Amino acid sequence: IIMGANIDTSVTNTIVSMGQSGDRIMLQRAFAGATVHDMFNFLTVLCLLPIEVIIGEIEGEGGPLYWLTKVLTDSAMDNGEKSDDPLKDKSPTKIITSPLAKVVISNNKYIIN
């Protein structure tokens, strides 16, 4: 999934750079920037994918990306065990946006009804 996301952003930035076709200079700059981004993504996939596959074959259970995502998902999902996680059952987005939402709703409470 991670490797596919890298390749997908390469396609997307090339399409977006074509949106600058009205101005030749801006098109050249946008396409050059998209090409640099493409090469970075392709080189990253060319470096990381073989490492992931080789280590996964040796270990039999996946490579470094698998281990990293397993640790992150196990800690997020909690696997049914009790933990002292202060963010358990709380949305990080809600924590970040709730102060602003309270200000907007309190100022517009007569309009929002």
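All values derive from a computational prediction rather than experimental measurement.

K.L.:
Let's hear about the overall build of the protein: which residues, and what values?
P.N.:
From N to C terminus, the protein includes five helices and zero strands. Listing the helices and strands of the protein from first to last along the sequence gives α-α-α-α-α. A total of 113 residues make up the protein; the buried ones form 12% of that total. Contacts spanning at least 24 positions in sequence make up 38% of the contacts within the protein whose residues lie at least 6 apart. Carbon and sulfur atoms provide 68% of the accessible area of the protein, an area that totals close to 9,200 Å².

K.L.:
How would you sum up helix 2 (residues 24-59)? Please name residues and give values.
P.N.:
Owing to its 3.6 residues per turn, the α-helix aligns residues three or four sequence positions apart on the same side. Counted at 1.5 Å a residue, the expected span for helix 2 with its 36 residues is 52 Å, and the 52 Å between its end C-alpha atoms agrees. Those residues of helix 2 not exposed but buried are A34, D38, N41, V45, E52 and G56. Taken from the residues just after helix 2, G60 is the one with a positive phi, measuring 85 degrees.

K.L.:
With reference to specific residues and values, describe the side chain of N41.
P.N.:
Looking at the secondary structure, you find N41 in helix 2. Since its relative accessible area comes to 4%, N41 is described here as buried. Discounting residues that sit within four places of it in the chain, N41 has contacts with N6, T9 and S10.

What counts and what doesn't
Every residue gets a number counted from 1 within its own chain, in the order that chain's sequence is written. Totals for whole chains, interfaces and linings use every residue, but because this is a predicted model, local features are given only for residues with pLDDT of at least 70 and side-chain atom pairs only at 80 or more, for both listing and counting. As a rule here, side-chain values come from all non-hydrogen atoms in the structure, and water together with hydrogens is ignored. Helix numbers and strand numbers start at the N terminus; a helix is a DSSP run of H or I with at least 4 residues, a strand a run of E with at least 2. Remark: exposure states derive from per-residue accessible area (1.4 Å probe, protein chains only) relative to the maximum for the residue type, with buried under 20%, exposed over 50%, and partly exposed in between. Contacts are assigned to residue pairs with any non-hydrogen atoms lying within 4.5 Å of each other. In short, Shrake-Rupley with a 1.4 Å probe defines the accessible areas, and a residue's cover is counted only from the protein chains shown. Multiplying 1.5 Å by the helix residue count minus one yields the expected span of that helix.

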